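One letter stands for each residue in the lines below.
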Amino acid sequence: MTLARAAGNARRTIWATGDGGVEIIDQTLLPHSYATRRLGTVADVAEAIKVMRVRGAPLIGATAAYGMAIAADADPSDAGLGTARDTLFATRPTAVNLGWALTRMMARLAGAGPADRAALAWAEAEAIAAEDVALNAAIGDHGLALVETAYAARGGTVNILTHCNAGWLATVGWGTATAPIYKAHAAGIPVHVFVDETRPRNQGASLTAWELGEAGVPHTLVADNAGGHLMRRDMVDLCIVGTDRTAANGDVCNKIGTYLKALAAHDNGVPFYVALPSPTLDLSLGSGDEVPIEERDAAEVTELAGRTADGRIETVRIAPPGTPAANPAFDVTPARLVTALVTERGVFRPGELKAVFGGTLAA
Ligand SMILES: CSC[C@H]1O[C@H](OP(=O)(O)O)[C@H](O)[C@@H]1O
């Protein structure tokens, strides 16, 4: 199994092919197989985001940015770029990085003549991707201090619980919630991660477990419903999760089930941290109540895909045929349940975000 690696960080999820396309890791195939996939048209990019070949707020943003570069190659006119932007924006509603990246790309290209737009677009998409890696590495550095504090208090292995996948697979590199974990592991601090399976798409079981296994980070996969029990038994030193959109007041929108973990952490005095790169901060929202929550296909709840003993990928039903199912893909954790947000500029309480980031977000 070969992995795409970029200098300076362990792994990379998307890269320009140099022939007008990009290549991604097709995350719908993990953990049972590893394959990359070339995206050569805006339709390819939109499909990859929609069906979650790429997913995770920062990676969605970077992929959309590359999609605009592909669009600029095909039709750099105002109309052509506008159509591409609308197509990409319509793929998934919750991660603010999608809109942020598209807005940044359109602003970068607006002032240029059509003939210059493709080169500018590719350069801006590369800049967004490179910035993401740097932001996440900085989150790792600031989060490392939190793990060191937990290590000093525990006097032994630091047990961390995470939900969904906010790893390097959710970003261009490093991950957000996993960056402090990778940095601590590299620094020789004994860490162990409880990995929430994260129904119904099982990003924890399929992606985080795969990532941590690849990196040699000790981990234990657990059912989503186990987290409260583990915290009540003093088996978790801290929780750290990602976010898809954090409001100005520090309300955190993240994968469905995050709120329940935050409630359990609050009830048991377990620090609950959110890794937040600034492009995922939506200062236009006063609270998380305004975040659009994606409703995905009910089949994600009533069906399950996996590998048979003889290596075939099969999908099976886990509910009676015709069972109605609801599938909200995200929930909102109120700021009162968030201990702190680990950003590229430091660790802040929810109430500090506006003062720290009010003027400028990532370039
Ligand atoms: C670092 S953001 C990762 C974030 O994205 C995931 O959602 P999805 O897999 O549906 O794109 C989940 O909310 C993660 O926390």
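- In the annotation of an unreviewed UniProt entry, the entry for the chain reads Methylthioribose-1-phosphate isomerase, and the organism field reads Acuticoccus mangrovi.
- The record held by UniProt for the chain lists under Function (unreviewed entry) the comment "Catalyzes the interconversion of methylthioribose-1-phosphate (MTR-1-P) into methylthioribulose-1-phosphate (MTRu-1-P). Also catalyzes the interconversion of 5-deoxyribose 1-phosphate and 5-deoxyribulose 1-phosphate. Part of a bifunctional DHAP-shunt salvage pathway for SAM by-products."
- Check the Pathway (unreviewed entry) section of the UniProt entry for the chain; it says "Amino-acid biosynthesis; L-methionine biosynthesis via salvage pathway; L-methionine from S-methyl-5-thio-alpha-D-ribose 1-phosphate: step 1/6."

Brief notes about the overall build of the chain
Then step 1. Summing up its helical and strand segments, the chain has eleven helices and 16 strands in all.
Then step 2. Scaling as 2.2 N^0.38, a compact globule of 363 residues should have a C-alpha radius of gyration of about 21 Å, and the chain matches this with 20 Å.
Then step 3. Dimensions of the chain, computed from C-alpha atoms along their principal axes, come out at roughly 60 × 55 × 40 Å.
Then step 4. The proportion of buried residues among the 363 residues of the chain is 55%.
Then step 5. Residue pairs at least 24 apart in sequence account for 74% of intrachain contacts in the chain once pairs closer than 6 positions are excluded.
Then step 6. Averaging the locations of the 30 positively and 39 negatively charged side chains of the chain gives two centres separated by 3 Å.

Some remarks on helix 4 (residues 96–110)
Then step 1. Along its 15 residues, helix 4 runs 21 Å from first to last C-alpha, staying within 8% of the 21 Å computed at 1.5 Å per residue.
Then step 2. Burial in helix 4 covers these residues: V96, N97, L98, G99, W100, A101, L102, R104, M105 and L109.
Then step 3. Among the structural elements, helix 2 (57–74), helix 3 (78–89), helix 5 (114–154), strand 8 (245–247) and strand 11 (281–282) are those in contact with the buried residues of helix 4.

Remarks on the site of the ligand
Then step 1. Every one of the 17 residues lining the ligand counts as a neighbour, but G56, R92, D244, N254 and K255 are closest to it.
Then step 2. Measuring from an oxygen atom of the ligand, one finds a side-chain N or O atom of R55 at 3.0 Å.
Then step 3. Here an oxygen atom of the ligand sits 2.7 Å away from a polar atom, N or O, in the side chain of K255.
Then step 4. In isolation the ligand has 400 Å² of accessible area, and contact with the protein removes 100% of it.
Then step 5. Listing elements by their share of the shell around the ligand, those giving two or more residues are helix 2 and strand 9 (252–255).
Then step 6. Residue composition of the shell around the ligand, by class: seven nonpolar, six polar and four charged.
Then step 7. Both domains that furnish three or more residues to the shell around the ligand are identified here as domain 1 (3–131) and domain 2 (139–357).

Focus: the domain arrangement of the chain
Then step 1. Segmentation of the chain into domains returns domain 1 (3–131) and domain 2 (139–357).
Then step 2. With centres defined by C-alpha atoms, the gap from domain 1 to domain 2 works out at 24 Å.
Then step 3. The interface is formed by 31 residues belonging to domain 1 together with 35 residues belonging to domain 2.
Then step 4. Approximately 2,700 Å² of surface area, both sides summed, lies buried where domain 1 meets domain 2, with 60% of it carried by carbon and sulfur atoms.
Then step 5. Counting across the interface, domain 1 meets domain 2 through two salt bridges.
Then step 6. A salt bridge links E294 to R92; the nearest nitrogen and oxygen atoms lie 2.9 Å apart.
Then step 7. Viewed at the interface, domain 2 and domain 1 are joined by 15 residue pairs in polar contact (both at pLDDT 80 or more).
Then step 8. Secondary structure elements with two or more residues in the side of domain 1 that touches domain 2: helix 2 and helix 4.

Points about the packing of helix 4 against helix 5
Then step 1. Direction vectors running N to C along helix 4 and helix 5 enclose 145 degrees, while the axes themselves pass 10 Å from each other. Seen from above, helix 4 lies across helix 5 with right-handed handedness. Here W100, A101, R104, M105, R108, L109 and A110 of helix 4 lie close against helix 5, whose contacting residues are R117, L120, A121, E124, A125, A127, I128 and E131.

Structural notes on the sheet that holds strand 9
Then step 1. Here we have four strands laid out as an open sheet, ordered 11-8-9-14, and mixed in their pairing. Only two strands of the sheet have a single neighbouring strand rather than two, namely strand 11 and strand 14 (330–333).

Side note on the packing of aromatic side chains
Then step 1. Counted according to the given criterion, the structure contains four aromatic pairs.
Then step 2. Look at W168 and W210: their rings are 6.0 Å apart centre to centre, the planes differ by 45 degrees, and that puts the pair in the tilted class. On the criterion of sequence distance, the pair formed by W168 in the loop between strand 4 (158–162) and helix 6 (179–186) and W210 in helix 7 (residues 203–215) is long-range, its members being 42 residues apart.
Then step 3. Judged by its relative accessible area of 2%, W168 falls in the buried class.
Then step 4. In this structure W210 comes out as buried when scored by relative accessible area, which is 9%.
Then step 5. Relative to F357, the ring of F348 has its centre 6.1 Å away and its plane inclined at 90 degrees; by these criteria the two rings are edge-to-face. With respect to class, F348 is no different from F357; both count as buried.
Then step 6. Through pairs of rings, three or more aromatic residues link up here, namely Y34, W168 and W210.
Then step 7. One residue, K183, lies across the ring of W174, its end atom 4.5 Å from the ring centre.

Quick notes on the rules
- Residues numbered from 1 in each chain as written.
- Predicted model: local features only at pLDDT ≥ 70, side-chain atom pairs only at ≥ 80, totals over all residues.
- Heavy atoms only, no water.
- UniProt positions renumbered as here; feature names shortened; annotations may be inferred.
- Helix = DSSP H or I, 4+ residues; strand = E, 2+ residues; numbered from the N terminus.
- Rg over C-alpha atoms; globule rule 2.2 N^0.38 Å.
- Buried < 20%, exposed > 50% of the residue type's maximum accessible area, 1.4 Å probe, protein only.
- Contact = heavy atoms within 4.5 Å.
- Lys, Arg positive; Asp, Glu negative; His and termini not counted.
- Charge placed at Lys NZ, Arg CZ, Asp CG, Glu CD.
- Expected span 1.5 Å × (residues − 1).
- Near = heavy atom within 4 Å.
- Polar contact = N/O pair within 3.5 Å; in protein donor to acceptor, adjacent residues only side chain to side chain.
- Areas by Shrake-Rupley, 256 points an atom, 1.4 Å probe, with all protein chains shown as cover.
- Nonpolar A, V, L, I, M, F, W, Y, C, P; charged D, E, K, R; others polar.
- Domains from an automatic or database assignment.
- Buried area = accessible area lost by both parts, 1.4 Å probe.
- Salt bridge = Lys/Arg side-chain N within 4 Å of Asp/Glu carboxyl O.
- Axes fitted to C-alpha atoms, helices over the stretch in contact; angles between N-to-C directions.
- Left-handed = near helix turned anticlockwise from the far one by under 90°.
- Pairing = 2+ DSSP bridges.
- Phe/Tyr/Trp six-rings, centres within 6.5 Å; stacked < 30°, edge-to-face > 60°.
- Lys NZ or Arg CZ within 6 Å of the ring centre and 35° of its normal.

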